[in-house]
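Summary of structural features
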Amino acid sequence: MLEAVLSKCIQHYLKEYLKPLEPGQMELKIFQGLLQLYNLQLSPTALVSNHIPFLIRKGSVKYLKAIFPWNNLKNSACEVLIEDIFLVLQFESEVILKSDLQANQKSIHTKAETNAPSKDDQSKTIQGLFESVIDNLRVLIKNIHVRIEFPCDPLPIIIGLSTPEISINTVD
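Keep in mind the model is a prediction, meaning the values are calculated, not measured.

Regarding the side chain of glutamine 36
- Within the secondary structure, glutamine 36 is located in strand S2 (residues 34–41).
- On the basis of relative accessible area, glutamine 36 is assigned to the buried category, the value being 10%.
- A distance of 2.6 Å separates polar atoms of two side chains, one belonging to glutamine 36 and the other to tyrosine 63.
- Residue contacts for glutamine 36: discarding those within four places in its chain leaves Gln25, Met26, Glu27, Tyr63, Leu64 and Lys65.

Digging into a nonpolar patch on the surface
- Together, Ile157, Ile159 and Leu161 make up a nonpolar patch on the protein surface, roughly 250 Å² of accessible area in all.
- For isoleucine 157, a relative accessible area of 43% gives the class partly exposed.

Comments concerning unusual backbone geometry
- Aspartate 153 connects to proline 154 through a cis peptide bond whose omega is 0°.
- One can find proline 154 in the loop between strand S5 (137–150) and strand S6 (157–169).
- Positive phi values are uncommon outside glycine, yet histidine 51 reaches one of about 65°.
- Mapping histidine 51 onto the fold places it in the loop between S2 and strand S3 (54–67).
- Given a relative accessible area of 44%, histidine 51 falls into the partly exposed group.
- Notably, aspartate 84 is not glycine yet its phi reads approximately 60°, a positive angle.
- Its location among the elements puts aspartate 84 in strand S4 (residues 78–91).

Thresholds applied
Residues numbered from 1 in each chain as written. Predicted model: local features only at pLDDT ≥ 70, side-chain atom pairs only at ≥ 80, totals over all residues. Heavy atoms only, no water. Helix = DSSP H or I, 4+ residues; strand = E, 2+ residues; numbered from the N terminus. Buried < 20%, exposed > 50% of the residue type's maximum accessible area, 1.4 Å probe, protein only. Polar contact = N/O pair within 3.5 Å; in protein donor to acceptor, adjacent residues only side chain to side chain. Contact = heavy atoms within 4.5 Å. Patch = residues over 30% accessible without salt bridge, like charges linked within 9 Å, V, L, I, M, F, W, Y side chains within 5 Å. Areas by Shrake-Rupley, 256 points an atom, 1.4 Å probe, with all protein chains shown as cover. Salt bridge = Lys/Arg side-chain N within 4 Å of Asp/Glu carboxyl O.

This is the structure in structure tokens:
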């Protein structure tokens, strides 16, 4: 029951980046602190929605594994392993123009925002949990292949990038 609720929550937060998940694509073991996702298909607008000027023509991640040591979160590292990322990207120049226009509009129209700190205990607990994860995080990405296509006349320009491994570590 709890796993089904968390599964829907995870899908809700990842819907901007991933196509909908099938039941067999996710394995969640809450009390062991383990999340595994298989054969993920990336949303075509995952990068564009974050003002990165590329449409994803084809994008997949073969395997994602996240380990969260709930018993010792402050001292043990949270680990994320991502394997076999394949992307075919197409340059989208309109994204750059839209981003520049939005930045100009924001600089012209400044808003006064009130950032009153919330004294809610639940939000403090969640914030502390999030900070503990970020303070001691290890991310390992293996086998990345990116193909970038720039539409030109008469033939497109195509660039391929490949790297066997990227490792990202934060330290407390």
